[in-house]
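Analysis of the macromolecular model
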Amino acid sequence: MNAPRHAHKAGRTVSSRVFALLNAFSQERPALRLVELTAVTGLPVSTVHRIATELVELGALKKERDGTYRIGLRMWELGSLCPQPRTLRDVSLPFIHDLYETTGENVHLAVLDGDEVLYVERVWGRRSVGVVSRVGGRAPLHATGVGKVLLAHAPRELQQAVLAAGLKRYTPHTIVMPGLLMRSLQEIRETGIARCAEELSLGTASVAAPIHGPDRRVVAALSVVSHTVTHTRSLAAVEPALRLAAMSISRELAKGYAGGPEAAGPPGTVTPIRSAAR
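Residues numbered from 1 in each chain as written. Predicted model: local features only at pLDDT ≥ 70, side-chain atom pairs only at ≥ 80, totals over all residues. Heavy atoms only, no water.

Naming follows an unreviewed UniProt entry, where the chain appears as IclR family transcriptional regulator of Microbispora hainanensis.

Here it is as structure tokens:
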């Protein structure tokens with residue numbers, strides 16, 4: 001079993017070993033047995049068992065009846081204290097709900113984390129198309145609407161790193177030619193809108209727009225995702241509402257940063273997207 005891309009190599013310190021164990025969990029592997037944790041972390045089975053037992057007692061891990069381990073609620077509580085996603089989410093949520101009420105489709109809020117998309121909020125309904133995304137989940141930059149927005153406004157070094165790593169094909173419609181992708185990113189910068197049809201999963205299409213921080217750099221992306229069969233009509237119709245929602249969130253972030261009466265959070269808690277690949 002290969003370690004997740006974001007897992008750190010196990011070191012000699014206690015903290016590095018604890019984080020190596022926690023980083024073994026991912027969206028693809030939310031539940032792991034002791035032997036799997038040992039294989040992913042490279043730590044001795046006795047060490048993994050001892051650390052896992054302590055983390056269960058602390059609430060950081062949960063042990064199921066079948067012997068598998070999952071991330072515990074205490075980790076979720078601690079994660080919710082992270083200022084940048086929380087401030088961004090708190091400011092964005094009213095506009096996200098308004099956008100959902102207008103469109104009736106999935107609405108996503110995402111940020112750039114290393115060389116991946118990280119979803120920090122999602123609103124959907126019973127009639128919305130089924131999607132693979134979830135809050136806290138990750139997705140590739142080149143095959144999603146929000147990812148293309150973030151990649152289009154990322155430093156050239158990150159764009160080149162993504163191209164050098166290879167563009168994975170997820171469907172027959174995924175853009176895997178570097179030149180075509182770069183032309184698409186240029187168009188996104190010019191128009192302020194990214195359009196993505198069936199590039200990550202068949203049957204879905206999305207439009208996305210950038211959210212700017214106080215210094216006008218892009219800090220997040222907002223998208224609407226619908227059924228492919230209706231995207232030509234529905235997504236074109238929601239682009240004005242999407243642009244308005246993204247602009248409104250950007251405006252509120254600027255107010256919060258400036259310390260105005262509608263403050264979004266403490267100054268400095270909204271940071272520009274990070275360009276360093278993990």
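Quick look at the overall build of the chain now. Along the chain, the regular secondary structure elements total 9 helices and 8 strands. Each of the 278 residues in the chain was classed as buried or not, and the buried ones make up 48%. Summarising the internal contacts of the chain: among those between residues at least 6 apart in sequence, 58% fall at separations of at least 24. Put simply, the chain shows about 14,300 Å² of open surface, and 56% of that area lies on carbon and sulfur atoms. (Helix = DSSP H or I, 4+ residues; strand = E, 2+ residues; numbered from the N terminus. Buried < 20%, exposed > 50% of the residue type's maximum accessible area, 1.4 Å probe, protein only. Contact = heavy atoms within 4.5 Å. Areas by Shrake-Rupley, 256 points an atom, 1.4 Å probe, with all protein chains shown as cover.)

In this section: the pattern of salt bridges. Think of it this way: side chains of opposite charge can pair up when their charged atoms draw near. All chains considered together, the criterion is met by 9 salt bridges. Measuring nitrogen to oxygen at the nearest pair gives 2.9 Å for the salt bridge that ties D113 to R138. One end of the pair, D113, is in strand β3 (residues 106-113); the other, R138, is in strand β5 (residues 138-140), with 25 residues separating them in the sequence. A salt bridge links D215 to R217; the shortest N-O distance between them is 3.0 Å. (Salt bridge = Lys/Arg side-chain N within 4 Å of Asp/Glu carboxyl O.)

Along the chain, E121 falls in strand β4 (residues 116-123). Taking the C-alpha atoms as reference points, E121 and S92, 29 residues apart in sequence, are found 8.9 Å from one another. Leave out the neighbours within four places in its chain, and E121 touches R89, L93, I96, V107, H108, L109 and V135. Polar contacts involving the side chain of E121 include one to the side chain of R89, which spans 2.4 Å. (Polar contact = N/O pair within 3.5 Å; in protein donor to acceptor, adjacent residues only side chain to side chain.)

The strand order across the open sheet built from 6 strands is β5-β4-β3-β8-β7-β6, with neighbouring strands paired in antiparallel fashion. In this open sheet, the two edge strands, each paired with only one partner strand, are β5 and β6 (194-197). Between one strand axis and the next, the sheet turns through 30° on average, direction left out of account. Sheet topology note: the β3/β4 ladder contains 7 bridges and is antiparallel. What sits directly across from A110, in β4, is Y119. Sheet contacts for helix α6 (residues 145-152): β3, β4, β6, β7 (204-212) and β8 (218-227); angle to β8, the most-contacted strand, approximately 155°. (Pairing = 2+ DSSP bridges. Axes fitted to C-alpha atoms, helices over the stretch in contact; angles between N-to-C directions.)

What follows is about the pairing of β3. For β3, a buried count of 8 out of 8 residues is recorded, marking the element as mostly surrounded by other parts of the structure. Of the two faces of β3, the one carrying N106, H108, A110 and L112 and the one carrying V107, L109, V111 and D113 are both buried. With 5 bridges joining them, β3 and β8 adopt antiparallel strand pairing. Paired with N106 across the bridge in β8 is V225. Counting the residues between successive antiparallel strands, the hairpin from β3 to β4 contains 2 residues, one of them, G114, with a positive phi of roughly 65°.

Among the nonpolar cores identified, the biggest contains 26 residues, and L109, I211, L222 and L242 are the most heavily contacted of them. At the level of elements, α5 (83-103), β3, β4, β7, β8 and α9 (228-258) are the ones that each hand at least two residues to this core. Discounting residues that sit within four places of it in the chain, L242 has contacts with L99, I193, V207, A208, A209, L222, S223 and V224. Grouped together as the second largest cluster of nonpolar side chains are 25 residues, A139, L141, V146 and L181 included. (Core = buried A, V, L, I, M, F, W, Y, C linked by side-chain atoms within 4.5 Å.)

Across the interface, helix α7 (residues 156-165) lies against helix α8 (residues 178-191) with an axial gap of 11 Å and an inter-helix angle of 150°. You can see that α7 and α8 cross each other, and the crossing is right-handed. The segment α7 lies against α8, with R156, Q159 and L163 engaging P178, L181, M182, L185 and R189. Along the lines of polarity and charge, the residues of the contact of α7 with α8 split into 5 nonpolar, 1 polar and 2 charged. (Left-handed = near helix turned anticlockwise from the far one by under 90°. Nonpolar A, V, L, I, M, F, W, Y, C, P; charged D, E, K, R; others polar.)

Moving on to the environment of E252. With respect to the helices and strands, the residue E252 is situated in helix α9. Residue class for E252 comes out buried when judged on its relative accessible area of 14%. Taking the C-alpha atoms as reference points, E252 and V91, 161 residues apart in sequence, are found 6.8 Å from one another.

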